[in-house]
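# Observations on chain architecture
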Amino acid sequence: MKNDWQLVHQERQALAEDLASLTDAQWSVASSCVAWDVHDVVAHLIGSAGTTRRGFWVSLARAGFDFDRANAREVAAERAATPAETLRKYRASMTSTTRPPGPFITRLIEIVVHGEDIRRPLGIERPVLNLTLEEALIYLSGDRLSGGRRRLAGLELTATDEGFTIGSGQVVLGPALSLLLVASGRPAALENLQGPGLSLLQERLNA
């Protein structure tokens with residue numbers, strides 16, 4: 001993928017519109033991202049949007065090269081006292097083109113996946129945007145750091161809505177977005193998938 005920030009920015013904008021409709025109580029609902037509520041996920045997105053390559057390594061070093069600790073510090077720094085203030089900070093970060101190390105496709109994966117971490121527990125349907133997820137799934141299928149390579153090894157994924165297939169092995173079928181979510185380690189999206197490879201995928205996600 002080219003550095004198409006327009007796609008990232010439209011995803012950020014779509015999420016901002018959904019966040020604006022939430023009550024304060026909904027901001028406290030547990031997200032699909034383990035140990036984080038909705039407010040925490042938004043704070044993480046703010047921090048990530050402002051992270052430079054150098055800033056990423058400095059933050060990680062200060063956290064003793066512990067990714068979880070670095071993320072926790074980022075969330076604590078960016079989470080404001082109220083949802084309204086955090087939403088203002090999020091809106092201010094939406095057009096940022098700053099990014100941490102890694103391929104550009106990770107910027108799109110982050111906002112799409114974390115957007116669903118927020119929407120799905122709240123029963124919010126993702127708006128239809130002009131976006132294909134094939135490249136994102138190809139990237140995750142070979143990525144060791146995120147665990148995508150381990151989760152998808154020996155599986156053939158077919159996106160029934162986008163008409164593409166990646167990988168080889170036991171077949172898993174379903175919407176591209178749900179495939180992306182399980183590739184990113186979200187077991188809740190398994191309910192939208194089918195095929196003989198589903199049990200193996202479920203076993204890996206619940207390990």
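A brief report on the enclosed structure follows. (Residues numbered from 1 in each chain as written. Predicted model: local features only at pLDDT ≥ 70, side-chain atom pairs only at ≥ 80, totals over all residues. Heavy atoms only, no water.)

## Some thoughts on the sheet that holds strand β1 (residues 155–159)
Spatial ordering of the open sheet is given by β2-β1-β3, a layout of 3 strands whose pairing is mixed. This sheet does not close on itself; its edge strands, each paired only once, are β2 (164–167) and β3 (170–174). Sheet twist, expressed as the average angle between the axes of neighbouring strands with direction ignored, equals 20 degrees. Docked against the sheet, helix α8 (residues 134–141) engages β1 and β2, running at close to 10 degrees with respect to β2. In the packing of helix α10 (residues 176–183) onto the sheet, contacts are made with β1, β2 and β3, and the angle to β1 comes to roughly 145 degrees. (Pairing = 2+ DSSP bridges. Helix = DSSP H or I, 4+ residues; strand = E, 2+ residues; numbered from the N terminus. Axes fitted to C-alpha atoms, helices over the stretch in contact; angles between N-to-C directions. Contact = heavy atoms within 4.5 Å.)

## A closer look at helix α5 (residues 67–78)
Spanning 12 residues, α5 covers 17 Å between terminal C-alpha atoms, matching the ideal 16 Å at 1.5 Å per step. All of the buried residues in α5 are Ala70, Glu74 and Val75. Along α5, the residues classed as buried sweep out an arc of 135 degrees about the axis, all on the same side. The outward face of α5, more than 90 degrees from its buried face, is lined by the exposed residues Asp68 and Ala76. Those residues of α5 that are buried lie in contact with α3 (38–49) and α4 (53–62). (Expected span 1.5 Å × (residues − 1). Buried < 20%, exposed > 50% of the residue type's maximum accessible area, 1.4 Å probe, protein only. Arc of directions from axis to C-beta.)

## Quick look at the packing of aromatic side chains
Scanning the entire structure with this criterion turns up 3 aromatic pairs. A ring pair is formed by Trp5 and Phe104, whose centres lie 4.9 Å apart and whose planes are at 85 degrees; its orientation type is edge-to-face. Of this pair, Trp5 sits in helix α1 (residues 5–20) while Phe104 is found in the loop between α6 (83–93) and α7 (105–122), placing the two residues 99 residues apart along the sequence. For Trp5, a relative accessible area of 13% corresponds to the buried category. Take Phe104: its relative accessible area is 4%, and that puts it in the buried class. With a centroid separation of 6.3 Å and an interplanar angle of 40 degrees, the aromatic rings of Phe56 and Phe67 are classed as tilted. Taken together, the positions of Phe56 in helix α4 and Phe67 in helix α5 put the pair 11 residues apart, joining distant regions of the chain. (Phe/Tyr/Trp six-rings, centres within 6.5 Å; stacked < 30°, edge-to-face > 60°.)

## What to know about the layout of surface pockets
Counted as a void, the largest pocket has a volume near 1,600 Å³. Together, 47 residues line the largest pocket, and His44, Phe67, Asn71, Glu110 and His114 are the ones closest to its centre. Contributing elements (two or more residues each) for the lining of the largest pocket: α3, α4, α5, α7 and α8. Per element, the largest residue contribution to the lining of the largest pocket is 9 residues, and it comes from α5. What lines the second largest pocket is Arg120, Arg126, Leu129, Leu131, Leu133, Asp161, Glu162, Pro175, Ala176, Leu177, Ser178 and Asn192. Ranked by residue count, the leading element in the lining of the second largest pocket is α10, at 3 residues. Residues belonging to the lining of the second largest pocket are distributed by class as follows: 6 nonpolar, 2 polar and 4 charged. (1 Å grid on protein atoms, 1.4 Å probe; cavity = no way out; pocket = protein on both sides within 12 Å on 5 of 7 lines; lining within 4 Å. Points joined across faces, edges and corners; volume = space filled by probe spheres on them. Nonpolar A, V, L, I, M, F, W, Y, C, P; charged D, E, K, R; others polar.)

## Considering α1
Taking 1.5 Å per residue, 16 residues should reach 22 Å; α1 reaches 22 Å between its end C-alpha atoms and fits that length. Within the span of α1, buried status applies to Trp5, Leu7, Val8, His9, Glu11, Arg12, Ala14, Leu15, Ala16, Asp18 and Leu19. In this structure, the buried side of α1 is in contact with α2 (24–27), α3, α6 and α7.

## A look at the pairing of β1
A large share of β1 lies buried, amounting to 4 of its 5 residues. Looking at chain direction, β1 and β3 are connected through 5 bridges and run parallel. Looking at the pairing, Ala159 lines up with Gly174 of β3. Here β1 runs beside β2; their pairing, made up of 4 bridges, is antiparallel. Looking across to β2, one finds that Thr158 is bridged to Thr165.

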